[in-house]
Amino acid sequence: MLKSVAAVLFLIPVAVARPQAAVATRPASSLTAAADDSVVPKLVREGSDVSRVDADLQYLLDVIGPRLTGSAEMRRANEWTQQKFREYGMDSAALETWSFGIGWTRGPMTLRMLEPQRRELLGVSWAWSPGTNGPLAGSVVLMDARSLDEYQRRFAGHLAGAWVMLGPAQYVVNAADPPRTRADSDRVDSLVRANAPRTPDERRFSDIRYSLLVREHIAGIIHDGGKQYGLFTMAGSPAGVSPVPQIVIGNDVYAQFQRLLRRGETVRIEADIKNSFTRDTLKAYNTVGEIRGSERPNEVVILGAHLDSWDLATGGTDNGAGAIAVLEAARILKASGVRPKRTIRFVLFSGEEQGLFGSQEYVFAHERELDKIQALLVLDNGTGRITGMATQGHDELRDLWGSMLAPIASSLGPLAVRSGIKTGTDHLAFIPYGVPGFNYDQLSRGYDFTHHSQVDDYDHTVPRDVAQAATVMAVNAWQLAQLPELLPRWPKK
Ligand SMILES: [Zn+2]
């Protein structure tokens, strides 16, 4: 999902002694990984020479396909990865159940412009939003009010049956650095206005605007795909089932609507959407594989990635790549015949796209063992190779990460450790419980375009990068499993 907030970069392999942060109970130097660990090159060979990544990635994406949490395809992916963990020799491979909520299935959809021109349009339904009960036509309105007062002056009472755009079009450049047009400047101006800091009054308004619109009996809401070349960005969750239809259209079409409305043209569209909900609460599953520790089996290193995806394509870069990297890391460790001191666990979460549900549920279910989790390492920034690690605000662990990445910098690098806090994925569910949680940095490989879009499929993945990521994760899990001590707990929230 999201990229890191702030970064200062330090190139590897020089491990330099730095002043200790307050958190650690032991001096950082005692937490470095063994520099001459003979197991590391073995893991690197296994991950580089006999990788199963491409075959498994193709099967997950091309055969199983989109893995929306709660769907039959997601359940099939859970069962398939469980079977793969068994095939790869895990000491245990289980499906851990949790209560998900109301299921949602995308149905067929047509969308067309009726005025000022007749044209079939490409659009998709927002997830967990209802269908239209047949063709639903209406005028398009750009509701860009920032306060309740402005809303009541300009829009209240005039929105019945309207398809509502919730703000100006995002500004995305479709061709390499084109000169700005008048229209472009208008868009930038309206965006600057839309993104200006909000007063408390304005914040209150943006919290209630959905319910105000619903009370106006609008036809539905139109979202901006916000990406180049008409790519969509999917979202939606059972935590907020939409009372009205919501659709996503390409940024270019959204911007056309905005320009037409600005010049006083009437814009009318018609959508016909057939989505369905399940009535009852569904069960969902996290797939969990494990290599039991030989000396400290109750202390656990976790490699994690979410297996669920959006359903516009087959969830390649988000997050089939991460899930297969974790599966492959398990295979590499087992195939290398090594016995880690601590247990190494591989968790494929579901429900991440709806709000980190699966990882939250994992934490609740394993609350009693959280203090024994050495660390959680998550991969969820696309298909690109690992480029290093952010310390997640714990710079006292910079040398540890430096010592863990240095032995593989020549074979799998370059790799860098940096100060930085990563957001937007499953490590966030663990950190409030004091568990050291990290999310790897990766090469972008167009992730900003592909994730949550209709082109997030096998063709946009880079299997050899995923193989590199799997190998780095296997090595880091091994190193953390072999450390003399448990990492100091992070402050609980
Ligand atoms: Zn993701």
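Residues numbered from 1 in each chain as written. Predicted model: local features only at pLDDT ≥ 70, side-chain atom pairs only at ≥ 80, totals over all residues. Heavy atoms only, no water.

### Section: a nonpolar patch on the surface
On the surface, Ile-102, Val-241 and Phe-277 cluster together into a nonpolar patch covering about 200 Å² of accessible area. Position of Ile-102 among the secondary structure elements: in strand S2 (residues 92–105). (Patch = residues over 30% accessible without salt bridge, like charges linked within 9 Å, V, L, I, M, F, W, Y side chains within 5 Å. Areas by Shrake-Rupley, 256 points an atom, 1.4 Å probe, with all protein chains shown as cover. Salt bridge = Lys/Arg side-chain N within 4 Å of Asp/Glu carboxyl O. Helix = DSSP H or I, 4+ residues; strand = E, 2+ residues; numbered from the N terminus.)

### With respect to the coordination of the zinc ion
Bound to the zinc ion on the protein side are His-306 (NE2), Asp-318 (OD), Asp-380 (OD) and Asp-380 (OD), at distances that span 1.9 to 2.7 Å. For the zinc ion, the four donor atoms in the first shell make angles of 51 to 146° at the metal, a pattern classed as irregular. For the zinc ion, the single-chain donor residues occur in sequence as H-x11-D-x61-D. In this pair, His-306 is assigned in strand S12 (residues 296–306) and Asp-318 in helix H8 (residues 316–335), connecting sequence segments 12 residues apart. For His-306, a relative accessible area of 0% gives the class buried. Overall, the relative accessible area of 2% leaves Asp-318 in the buried class. (Donors = N, O, S within 2.8 Å, 3.2 Å for Na, K, Ca; no water. Tetrahedral: all angles 85-135°; square planar, octahedral: opposite > 155°, others 65-115°. Buried < 20%, exposed > 50% of the residue type's maximum accessible area, 1.4 Å probe, protein only.)

### Comments concerning the domain arrangement of the protein
Bring the parts together and some accessible area is lost; that lost area is often taken as the interface size. By domain assignment, the protein separates into domain 1 (28–103 + 280–482) and domain 2 (107–274). For domain 1 versus domain 2, the separation of C-alpha centres amounts to 36 Å. The interface is formed by 18 residues belonging to domain 1 together with 15 residues belonging to domain 2. Summed over the three residues of domain 1 that lose the most area to domain 2, namely Trp-310, Phe-449 and Gln-454, the buried surface amounts to 38% of that side. Where domain 1 meets domain 2, there are zero salt bridges. Scanning the region where domain 1 abuts domain 2 turns up seven residue pairs in polar contact (both at pLDDT 80 or more). If you list the elements that add at least two residues to the side of domain 1 that touches domain 2, you get S2 and helix H13 (447–450). Residue composition of the side of domain 1 that touches domain 2, by class: eight nonpolar, eight polar and two charged. (Domains from an automatic or database assignment. Contact = heavy atoms within 4.5 Å. Buried area = accessible area lost by both parts, 1.4 Å probe. Polar contact = N/O pair within 3.5 Å; in protein donor to acceptor, adjacent residues only side chain to side chain. Nonpolar A, V, L, I, M, F, W, Y, C, P; charged D, E, K, R; others polar.)

### Focus: the nonpolar core
Leu-333, Phe-346, Trp-401, Ile-408, Tyr-440, Met-473 and Leu-480 are the most contacted members of the largest nonpolar core, which totals 70 residues. Excluding anything up to four places from it in sequence, Tyr-440 contacts Leu-377, Val-378, Leu-379, Asn-381, Ile-386, Gly-388, Met-389, Trp-401, Lys-422, Val-472, Met-473 and Asn-476. (Core = buried A, V, L, I, M, F, W, Y, C linked by side-chain atoms within 4.5 Å.)

### Here we look at the sheet that holds strand S5 (residues 123–125)
Within the open sheet, the eight strands sit side by side as S4-S3-S10-S6-S7-S8-S9-S5. Their pairing is mixed. Each of the sheet's edge strands pairs with one partner strand only, and the pair in question is strand S4 (119–121) and S5. Between one strand and the next, the sheet's axes are offset by a mean angle of 30°, whatever the strand orientation. Taken together, the four bridges between strand S8 (residues 220–224) and strand S9 (residues 246–249) define a ladder with parallel strand orientation. In the strand pairing of S9, Asp-224 is matched with Ile-249. Sheet strands touched by helix H7 (residues 251–262): strand S3 (109–115), S4, strand S6 (136–142), strand S7 (163–165), S8, S9 and strand S10 (268–273). Its angle to S6, the strand with the most contacts, is close to 70°. (Pairing = 2+ DSSP bridges. Axes fitted to C-alpha atoms, helices over the stretch in contact; angles between N-to-C directions.)

### Describing unusual backbone geometry
Note the cis peptide between Glu-115 and Pro-116, where omega equals 0°. The residue after Gly-413, namely Pro-414, is reached through a cis peptide bond having omega 0°. Within the secondary structure, Pro-414 sits in the loop between helix H11 (409–412) and strand S16 (416–419). If you check the backbone angles, Trp-128 has positive phi at about 55° while not being a glycine. Considering the arrangement of structural elements, one finds Trp-128 in the loop between S5 and S6. Backbone geometry places His-452, a non-glycine residue, at a positive phi of 65°. Tracing the chain through its elements places His-452 in the loop between H13 and helix H14 (463–482). Taking relative accessible area as the criterion, His-452 reaches 10% and is therefore assigned buried.

### Observations regarding the environment of Gly-65
Within the element layout of this structure, Gly-65 appears in the loop between helix H2 (53–64) and helix H3 (72–87). A relative accessible area of 5% places Gly-65 in the buried class. Taking the C-alpha atoms as reference points, Gly-65 and Val-300, 235 residues apart in sequence, are found 31 Å from one another. Beyond its immediate chain neighbours, meaning those up to four positions away, Gly-65 contacts Leu-60 and Thr-314.

### Regarding helix H1 (residues 39–49)
Listed as buried for H1 are Val-39, Val-40, Leu-43, Val-44, Glu-46 and Gly-47. An end-on view of H1 places all buried positions within 165° of arc, on one side of the element. Elements that come into contact with the buried residues of H1 comprise H8, H11 and H14. (Arc of directions from axis to C-beta.)

### So, the packing of aromatic side chains
Per the counting criterion, the structure on display carries 14 aromatic pairs. Seen from their ring centres, Phe-100 and Phe-357 are 6.2 Å apart, and the 55° between their planes marks the pair as tilted. Note that Phe-100 is positioned in strand S2 and Phe-357 in helix H9 (residues 357–365), a separation of 257 residues in sequence. Between the aromatic rings of Tyr-151 and Phe-205, the centroid separation amounts to 5.6 Å while the plane-to-plane angle is 40°, which identifies the pairing as tilted. On the criterion of sequence distance, the pair formed by Tyr-151 in helix H4 (residues 148–154) and Phe-205 in helix H6 (residues 200–215) is long-range, its members being 54 residues apart. Summarising the burial analysis for this pair, Tyr-151 and Phe-205 share the class buried. Taken together, Trp-98, Phe-100, Trp-104, Trp-128 and Phe-357 form an aromatic cluster joined through their ring pairs. The lysine or arginine in question, Arg-75, covers the ring of Tyr-285, its NZ or CZ lying 4.5 Å from the ring centre. (Phe/Tyr/Trp six-rings, centres within 6.5 Å; stacked < 30°, edge-to-face > 60°. Lys NZ or Arg CZ within 6 Å of the ring centre and 35° of its normal.)

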